[in-house]
Amino acid sequence: MTEFSPLIEVTPECNLRCSYCYYTDQMDEFPDFQPEYIDLDVIEAVYESGWSQLGDRPSITGGEPFLHPDIEAIIRYLDAQGATPVVNSNLIPIREDQYGLLEDHVAQVNTSIDHVHAEQHDGQRGGFGAVIDTLEDLVDRDVDVRVTCVLTQNNYEDVGEIFDTLLELDVDGMFFQPAYIPHDDGDLAITDLPDAETHELLDALEPWAQEFDCQRNLEIMADSLLDGGIPEERCVMGESRFVLYHDGRVQPCFDRPDLAAGNVTDHPPRKVLDRVVDRGATIRNEECFNASCVCFFE
Ligand SMILES: C[S@@+](CC[C@H](N)C(=O)[O-])C[C@H]1O[C@@H](n2cnc3c(N)ncnc32)[C@H](O)[C@@H]1O
Ligand code: SF4
Ligand code: SF4
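Below you will find a few notes about this structure. Just so we're clear, the structure is a prediction, and the values are computed from it rather than from any experiment.

Parameters at a glance
- Residues numbered from 1 in each chain as written.
- Chains lettered and ligands numbered in written order.
- Predicted model: local features only at pLDDT ≥ 70, side-chain atom pairs only at ≥ 80, totals over all residues.
- Helix = DSSP H or I, 4+ residues; strand = E, 2+ residues; numbered from the N terminus.
- Rg over C-alpha atoms; globule rule 2.2 N^0.38 Å.
- Near = placed C-beta within 6 Å.
- Buried ≥ 20, exposed ≤ 12 C-beta atoms within 10 Å, placed from the backbone.
- Contact = placed C-beta atoms within 7 Å.
- Pairing = 2+ DSSP bridges.
- Right-handed = clockwise from strand over helix to strand, strands pointing away.

### A word on the overall build of the protein chain
Alright, step 1. When helices and strands are counted, the protein chain shows 12 helices and 9 strands.
Alright, step 2. Whereas a compact globule of 298 residues would reach a radius of gyration of roughly 19 Å, the protein chain reaches 19 Å, a difference of no more than 12%.
Alright, step 3. Taken over the C-alpha atoms alone, the protein chain extends approximately 55 × 45 × 40 Å along its principal axes.

### Overview of the site of ligand 1
Alright, step 1. Looking at ligand 1, there are 17 residues lining it, with Tyr20, Cys21, Asn88, Ser112 and Tyr180 nearest.
Alright, step 2. For the shell around ligand 1, the elements supplying multiple residues, two or more each, are β2 (59-62), β4 (108-112) and β5 (145-151).

### Brief notes about the environment of Leu78
Alright, step 1. Here Leu78 is to be found in helix α3 (residues 71-80).
Alright, step 2. Taking the number of C-beta atoms within 10 Å as the measure of exposure, Leu78 has 25 and is therefore buried.
Alright, step 3. Along the primary structure Leu78 and Ile43 are separated by 35 residues, whereas in three dimensions their C-alpha atoms are 8.5 Å apart.
Alright, step 4. Those residues in contact with Leu78 that lie beyond four places of it in its chain are Pro58, Ala83, Thr84 and Pro85.

### Some words on the sheet that holds strand β8 (residues 249-251)
One key point about sheets: their strands pair by backbone hydrogen bonds, in either a parallel or an antiparallel sense.
Alright, step 1. Strand order in the open sheet formed by 9 strands is β6-β5-β4-β3-β2-β1-β7-β8-β9, with mixed pairing between adjacent strands. The sheet is open, and its two edges are formed by β6 (173-178) and β9 (262-263), each paired on a single side.

### A short note on the pairing of β5
Alright, step 1. Of all 7 residues making up β5, 5 are buried, and the element is well covered by its neighbours.
Alright, step 2. For β4 and β5, the ladder comprises 4 bridges, and the chain directions are parallel. Paired with Val109 across the two strands is Val145, which belongs to β5.
Alright, step 3. For β5 and β6, the ladder comprises 6 bridges, and the chain directions are parallel. Bridge assignment links Leu151 to a residue of β6, and that residue is Pro178.
Alright, step 4. In this fold, β5 hands off to helix α7 (residues 159-168), which returns the chain to β6; that crossover is right-handed.

### Focus: the environment of Val171
Alright, step 1. Positionally, Val171 belongs in the loop between α7 and β6.
Alright, step 2. When the C-alpha positions of Val171 and Leu138 are compared, they lie 9.5 Å apart, and in sequence the two are 33 residues distant.
Alright, step 3. Residues within four places of Val171 in sequence aside, it is in contact with Val139, Val145, Arg146, Val147 and Leu166.

### Structural notes on the pairing of strand β7 (residues 241-244)
The side chains of a regular strand alternate, residue by residue, between the two faces of the sheet.
Alright, step 1. Going residue by residue along β7, you find Arg241 and Val243 tucked away on one face and Phe242 and Leu244 tucked away on the opposite face as well.
Alright, step 2. As paired elements, β7 and β8 share 2 bridges and run antiparallel to each other. Note on β8: the bridge partner recorded for Leu244 is Val250.
Alright, step 3. From the end of β7 to the start of β8, which pair antiparallel, there are 4 residues, and Gly248 there has a positive phi angle of about 100°.

### Points about unusual backbone geometry
Alright, step 1. For the bond from Gly62 to Gly63, the omega torsion is 25°, close enough to zero to count as cis.
Alright, step 2. Among the secondary structure elements, Gly63 is positioned in the loop between β2 and α3.
Alright, step 3. In the Ramachandran plot, Leu91 falls in the positive-phi region, its phi being about 75° despite a non-glycine side chain.
Alright, step 4. As for its placement among the helices and strands, Leu91 is situated in the loop between β3 (86-88) and α4 (99-105).
Alright, step 5. The phi dihedral of Asp213 is positive, around 55°, even though this residue is not glycine.
Alright, step 6. By secondary structure assignment, the location of Asp213 is in the loop between α9 (206-211) and α10 (215-225).
Alright, step 7. For Asp213, a count of 9 C-beta atoms within 10 Å translates into the label exposed.

### What about the environment of Trp208?
Alright, step 1. Checked against the element boundaries, Trp208 lands in helix α9.
Alright, step 2. Assessed through the 22 C-beta atoms surrounding it within 10 Å, Trp208 is described here as buried.
Alright, step 3. Not counting residues within four places of it along the chain, the set of residues in contact with Trp208 comprises Phe163, Met174, Phe176 and Cys214.

This is the structure we're talking about:
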């Protein structure tokens with residue numbers, strides 16, 4: 001039976017305002033935006049529900065998870081359940097006294113670095129110096145750190161330099177992914193580059209694909225950017241992953257509110273989780289691939 005691990009959005013609040021991020025719009029465009037934080041009770045409702053398909057590799061995400069006042073308790077709880085989490089963080093709010101927690105109770109830390117020069121990185125994210133300092137500290141302590149570089153119009157020509165520099169930082173993994181931005185709002189997106197430039201980018205990404213065994217990801221990226229075929233393998237969202245929001249809502253994918261499965265604080269969690277599996281099974285890659293998303297694979 002397939003196991004499903006949640007991506008747990010512990011808060012929508014963030015200390016950054018990355019130019020491509022959906023949360024930036026949410027925080028800045030809604031004047032009544034109030035940060036909210038998941039209660040440990042919500043996570044307990046899922047992990048203590050007895051649901052037979054629950055996987056043991058949750059991802060903690062946000063917003064910025066380290067702004068959650070109880071993030072340490074959440075991480076310790078999941079690890080104690082035998083579900084050692086992966087944590088997605090921009091690294092900036094992580095304090096030195098929390099490094100031990102990451103060494104002992106976290107399987108992997110994912111972050112984003114969009115350029116290796118402060119000005120370009122901060123042009124679309126922010127806090128370059130703090131990010132690099134924490135990244136180096138974590139690598140020194142043997143925490144498994146993986147870096148994503150979100151490709152936009154601002155950085156796609158520099159992927160060779162970005163790859164070489166991140167390699168020197170000795171990170172455990174590296175992932176290049178085009179920014180998912182709907183076409184009508186897409187000044188930053190690289191989806192409409194002339195084919196010759198797309199081919200140059202794909203060639204420049206070959207060393208990365210070889211070093212980190214990401215050949216298939218590169219093929220899928222090529223199909224997406226050059227309007228090629230739809231991937232045969234299913235996107236993991238709705239296939240082996242679902243999203244648990246800070247308020248208890250459950251969906252198969254962040255981008256599929258139409259497939260919302262209910263709220264584990266209002267309904268018996270097992271029923272909500274059965275429903276997310278049923279609704280996730282209806283997702284077809286062709287519905288979303290190439291629109292604003294290139295699918296996730298693990
Ligand atoms: C939503 S953030 C949450 C965790 C944390 N705040 C961070 O930035 O790592 C997780 C990751 O989503 C990715 N991301 C955000 N917006 C994106 C977009 N429009 N297109 C592609 N990736 C995006 C970035 O790589 C980011 O690191
Ligand atoms: S740090 Fe993460 S959540 Fe915050 S704005 Fe940037 S990508 Fe979005
Ligand atoms: S391709 Fe994108 S929108 Fe579609 S299920 Fe996967 S992550 Fe969600």
